[in-house]
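# Survey of secondary and tertiary structure
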Amino acid sequence: MLKYLPIIVIISAFMSLPAEALVKQDVSKALSYRNVVSGASSSTSSLKSSEMFNQADNSDKTSDQKTEQIVDLRKSASKSIAVKQDEEFGVKVEEKDGYVWRVSYDTEAIIMVGNSIKEDAREIKFIQSGDENNEIYLDRIDSSGKVVQNKAIYIKVY
């Protein structure tokens, strides 16, 4: 029994240390897309205010059947949203000069259909085409390429 005492003391010392002492991670990368999702079937795009684009929605649905939710992420880091399959939803993030937003999502389950700036906020529109729960990650990047802010949307499909 005494020969196992040093091993028990070492193991108990490691178990009593806080997790931060063993694994330290930069705050700006904690919610980062690359930290959470493997990029097998994902898309990453950077959005600049000078590169705005709008894509037409060519669906056969009438406007009465469409419902749209807007997720406002200007004052929060993450939010959850519940949508039906083939439902359109939007995301609002704060727009500042000198920064770009990198948007990452599963292209097999989510389609980006619009991107515009309205009243100092960028509004990005998506359609949930898949039937599985998904995530959208938005990283604000400064001119040096460093991630300075992270946002996330967790999508539950019902």
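Structure: see above.
Keep in mind it's a predicted model, so treat the numbers as computed, not measured. (Residues numbered from 1 in each chain as written. Predicted model: local features only at pLDDT ≥ 70, side-chain atom pairs only at ≥ 80, totals over all residues. Heavy atoms only, no water.)

On to the overall build of the protein chain. Counting its regular elements, the protein chain contains three helices and 10 strands. Secondary structure of the protein chain in N-to-C order comes out as α-α-α-β-β-β-β-β-β-β-β-β-β. Within the protein chain, the proportion of its 158 residues that are buried is 32%. Long-range contacts, defined as pairs at least 24 residues apart, comprise 62% of the intrachain contacts of the protein chain with a sequence gap of at least 6. (Helix = DSSP H or I, 4+ residues; strand = E, 2+ residues; numbered from the N terminus. Buried < 20%, exposed > 50% of the residue type's maximum accessible area, 1.4 Å probe, protein only. Contact = heavy atoms within 4.5 Å.)

Glancing now at the packing of aromatic side chains. One pass over the full model with this rule turns up two aromatic pairs. Every member of this aromatic cluster is reached through a ring pair, and the members are Phe89, Tyr105 and Phe126. Above the face of the Tyr99 ring, Arg140 is positioned so that its terminal group lies 5.5 Å from the ring centre. (Phe/Tyr/Trp six-rings, centres within 6.5 Å; stacked < 30°, edge-to-face > 60°. Lys NZ or Arg CZ within 6 Å of the ring centre and 35° of its normal.)

Moving on: the nonpolar core. Counting 20 residues, the largest nonpolar core has Phe126, Ile136, Leu138 and Ile155 as its most contacted members. Of all the secondary structure elements, the ones that give two or more residues to this core are β4 (78-83), β5 (87-94), β6 (100-106), β7 (110-118), β8 (121-128), β9 (134-141) and β10 (147-157). Those residues in contact with Leu138 that sit more than four places away from it in its chain are Leu73, Val91, Val93, Trp101, Arg102, Val103, Ile124, Gln149, Asn150, Lys151 and Ile153. (Core = buried A, V, L, I, M, F, W, Y, C linked by side-chain atoms within 4.5 Å.)

With that settled, consider the pattern of salt bridges. Throughout the structure, instances matching the rule amount to four salt bridges. Residue Arg122 is joined to Glu95 by a salt bridge in which the shortest nitrogen-to-oxygen separation is 3.0 Å. One end of the pair, Arg122, is in strand β8; the other, Glu95, is in the loop between β5 and β6, with 27 residues separating them in the sequence. A single burial state applies to Arg122 and to Glu95, both of which are buried. As a salt-bridge pair, Arg102 and Asp139 come within 3.1 Å of each other at their nearest N and O atoms. Within this pair, whereas Arg102 is found in strand β6, its partner Asp139 is found in strand β9, the two being separated by 37 residues in sequence. On the basis of relative accessible area, Arg102 is assigned to the buried category, the value being 18%. Judged by relative accessible area, Asp139 falls into the buried class, the value being 0%. (Salt bridge = Lys/Arg side-chain N within 4 Å of Asp/Glu carboxyl O.)

It is worth spelling out unusual backbone geometry at this point. It is generally the case that most residues other than glycine have a negative phi and that most peptide bonds are trans. Unusually for a residue other than glycine, Asp86 sits at a positive phi of about 70°. Turning to its location among the elements, Asp86 is positioned in the loop between β4 and β5. The phi angle at Asp120 is positive, at roughly 60°, despite the residue not being glycine. Tracing the chain through its elements places Asp120 in the loop between β7 and β8.

The quantities given are spatial measurements derived from coordinates; they are silent on function.
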